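Chain residues, written in single-letter form:
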Amino acid sequence: MAARKSRRRTCETGEPMEAESGDTSSEGPAQVYLPGRGPPLREGEELVMDEEAYVLYHRAQTGAPCLSFDIVRDHLGDNRTEFPLTLYLCAGTQAESAQSNRLMLLRMHNLHGTKAPPSEGSDEEEEEEEEDEEDEEERKPQLELAMVPHYGGINRVRVSWLGEEPVVGVWSEKGQVEVYALRRLLQVVDDSQALAVFLRDEQARVKPIFSFAGHMGEGFALDWSPRVQGRLLTGDCQKNIHLWSPTDGGSWHVDQRPFVGHTRSVEDLQWSPTEDTVFASCSADASIRIWDIRAAPGKACMLTTASAHDGDVNVISWSRREPFLLSGGDDGALKVWDLRQFKSGTPVATFKQHVAPITSVEWHPQDSGVFAASGADNQITQWDLAVERDPEAGDMEADPGLAALPQQLLFVHQGETDLKELHWHPQCPGVLLSTALSGFTIFRTISV
C-alpha cells in the first residue's frame, strides 16, 4: 500500500521539517492521505512526494501550456526498460493570443531513473553523496524542441505513421483540422546544428499538407485508424463526425455527409482495434455509440447506450487486447464496458475515486487489465482489473480509510495543476506521460 501514500510535512517558522521527526505522540498513528476525501491538511502542512514510489520521475516546461499531446513511435526499439530513456512527443499549445501558438516536436532524452536511497549513516551513503555531485551534470534530463507557428490554440493532436512518413492531425480552435508532416521536425531534434538552422530559416515556412474547414465549428475528437493507414475520424462541438479517406496522391477525401446520431458535442472518438470499419464515439449528450462506416452516415449507428454517464462523457479508450471500452465523464466516474454486452446498457465495472470530471483515460498497451485516468481534481490514477483484495492483509485494520479505496486502485499520482491528457508510452513499458497547466510529467511507478 506504500504506493498510495503521500507523506505530510509540517512547516514551522519557514523551515520544512518532517512531522515524524518531532513529537508525534499527540498526533496518533500516521494516516493514508486520500485525495479529495481527507483528512484535510492542517495549517502549516503540505504533501511531499514519496520518491521511493517512483522508478522514473521528470518534469518539463515548454512555455505556453499544452492541452493535448501524442507520443511519436520511434525506431529505438520496443520494450525499452534500461535508463536513460529517449522519448519523442508532438504537442500543441494553448497560448494567450492566437498568433503565439505553436505545434511542437519534443525530444526528451537522458531520462534517468530515480535513485534508491542508501541506508543512513553507512559508508555507502557518504560515497554516494560524492558521486552525486560528480554525476549531477551527466544525469540532467535534456529537451530539444522544434516549433512551427500555428494560428489559433490547438485543441487536440494525434500522430500516425503513413508508411515511413510520420504525420500529425491537429484540431484547431479556429474550426479547422489540419495534417502536418513531421519528418523534418524529427530530423532536426536529433541534430543541434540542424535545429538551429530550422528555427532560424525554416520554421515559418512550414505549412499543413492538408486542411479541412468543413466542420461547422471547433472540436476535440480525433482518431487515426490503427488498421487502415491514413483513415481518420474528426468530431466537432456541433455533434458532427466526418470520415477522412486517404487518396492515391497523398491527400484525403473528406465525406461531407456527417455521421448523425449525437445531439450535442462529440467529445472523443476511438477506432476498433480489430475491425476496419467500426468505431466508437462519446458525447456531451451522455451517450456512447458504436458505428459501422459501411452503412450510410445517417444509418451507421449500430449500438447506443443513451445514459452512459450522469452528464457529459468526456473520453473513451478501446482496449487493444480485450473487447472492453473504458469511459470517463463529468460525473467523475470511470466505467468499463464489455462490448459483447453493450446492448444491456450496463457497465461491467464502475469506479468512483475521482471527485471531479475525468479528462483522459487510456488502457495500458501491453497489460490488458491495466489502465490510467486523469481528472480535473489533479489526480492521475492507475488501475488493475485483475487485483483482488487479500482478506488476510492487515492494512485495512491498521487504517480503516484504506477500506474506502477500490481494490483495483494501484496508485494515485498528484502534484499537477489542471491535468488535461495522459498517454502510456507504447515502447517503454509502464512509462506514463501527462500534460497540464503546470507542464509535462514523465514517470513510472513501482506499481506498473
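Residues numbered from 1 in each chain as written. Predicted model: local features only at pLDDT ≥ 70, side-chain atom pairs only at ≥ 80, totals over all residues. Heavy atoms only, no water.

Looking at an unreviewed UniProt entry, one finds the chain named Glutamate-rich WD repeat-containing protein 1 and attributed to Dipodomys ordii. In the Function (unreviewed entry) part of its UniProt record, the chain is described as follows: "Histone binding-protein that regulates chromatin dynamics and minichromosome maintenance (MCM) loading at replication origins, possibly by promoting chromatin openness." (UniProt positions renumbered as here; feature names shortened; annotations may be inferred.)

> How should the pairing of strand S22 (residues 324-329) be read in this particular structure?
Sheet faces and side chains relate simply in a regular strand, where the side chains alternate between the two faces. With respect to burial, S22 is a largely interior element, 6 of its 6 residues being buried. What you see with S22 is no split at all: Phe324, Leu326 and Gly328 on one side and Leu325, Ser327 and Gly329 on the other are buried throughout. In terms of strand pairing, strand S21 (residues 313-318) meets S22 through 5 bridges, oriented antiparallel. Looking across to S22, one finds that Val315 is bridged to Gly328. Where S21 folds back onto S22 in an antiparallel hairpin, the turn is made up of 5 residues. Taken together, the 5 bridges between S22 and strand S23 (residues 334-338) define a ladder with antiparallel strand orientation. The residue of S23 that forms the bridge with Leu325 is Trp337. What sits between the antiparallel neighbours S22 and S23 is a turn of 4 residues, in which Gly332 has the positive phi angle 80 degrees. (Buried < 20%, exposed > 50% of the residue type's maximum accessible area, 1.4 Å probe, protein only. Helix = DSSP H or I, 4+ residues; strand = E, 2+ residues; numbered from the N terminus. Pairing = 2+ DSSP bridges.)

> Looking at this structure, I do not really get the sheet that holds strand S20 (residues 301-305). What am I missing?
By definition, the strands of a sheet pair up through backbone hydrogen bonds, in either a parallel or an antiparallel sense. Strands sit in the order S17-S18-S19-S20 across an open sheet of 4 strands; the sheet is antiparallel. The open sheet has two edge strands, strand S17 (266-271) and S20, and neither has a second partner. Each neighbouring strand pair of the sheet contributes to a mean axis angle of 20 degrees, computed without reference to strand direction. Of the strand pairs in this sheet, strand S18 (residues 278-283) and strand S19 (residues 288-292) are connected by 5 bridges, and their pairing is antiparallel. In the strand pairing of S19, Cys282 is matched with Ile288. (Axes fitted to C-alpha atoms, helices over the stretch in contact; angles between N-to-C directions.)

> Sorry if this is basic, but what is going on with the pattern of salt bridges here?
Close approach of charged atoms lets side chains of opposite charge pair. In this structure the tally under the stated criterion is 17 salt bridges. Here Asp190 makes a salt bridge to Arg107, at a shortest N to O gap of 3.0 Å. In this pair, Asp190 is assigned in the loop between helix H2 (183-188) and helix H3 (192-202) and Arg107 in strand S7 (residues 102-111), connecting sequence segments 83 residues apart. Overall, the relative accessible area of 17% leaves Arg107 in the buried class. (Salt bridge = Lys/Arg side-chain N within 4 Å of Asp/Glu carboxyl O.)

> What am I meant to see in H3 here?
Because the α-helix completes a turn every 3.6 residues, residues three or four places apart line up on one side. Of all the positions in H3, only Ala194, Leu195, Phe198 and Glu202 are classed as buried. Each buried residue of H3 sits inside an arc of 105 degrees when the element is viewed along its axis, so together they form one side. Exposed residues pointing more than 90 degrees away from the buried face of H3 are listed as Ser192, Gln193 and Arg200. Contacts made by the buried residues of H3 are with strand S8 (142-149) and H2. Two or three places before Gln193, at the start of H3, stands the capping residue Asp191, its side-chain oxygen 3.0 Å from that residue's backbone nitrogen. (Arc of directions from axis to C-beta. Contact = heavy atoms within 4.5 Å. Polar contact = N/O pair within 3.5 Å; in protein donor to acceptor, adjacent residues only side chain to side chain.)

> Would you take a moment to explain the UniProt feature "repeat: WD" (unreviewed entry) in the chain for this structure?
Following the UniProt record, one finds the feature "repeat: WD" (unreviewed entry) at residues 259-294, 306-340 and 351-385. Overall, residues 259-294 shows 0% helix and 47% strand. The separation of its end C-alpha atoms is 12 Å. Helix and strand shares over residues 351-385 are 0% and 51% respectively, and the end C-alpha atoms of the span are 11 Å apart.

> What exactly am I supposed to notice about the pairing of strand S29 (residues 419-424) here?
Across the 6 residues that make up S29, a large majority, 5, are buried. Strand direction decides the pairing type here: S29 and strand S30 (residues 432-436), joined by 5 bridges, are antiparallel. Of the residues in S30, the one forming a bridge with Glu421 is Thr435.

> Got a minute to help me understand the nonpolar core in this structure?
Burial of nonpolar side chains together is a common tendency in soluble globular proteins. Counting residues in each nonpolar core, the largest one holds 21 residues, and the members touching the most others are Cys90, Leu103, Leu105, Ala146 and Val168. Secondary-structure elements contributing two or more residues to this core are strand S6 (85-93), S7, S8, strand S9 (154-162), strand S10 (165-172), H2 and H3. Setting aside chain neighbours within four positions, we find Leu103 in contact with Cys90, Ala91, Ala146, Met147, Val148, His150, Ile154, Val157, Val168, Val170 and Tyr180. Membership of the second largest hydrophobic core comes to 19 residues, among which are Met108, Leu111, Phe440 and Ile442. (Core = buried A, V, L, I, M, F, W, Y, C linked by side-chain atoms within 4.5 Å.)

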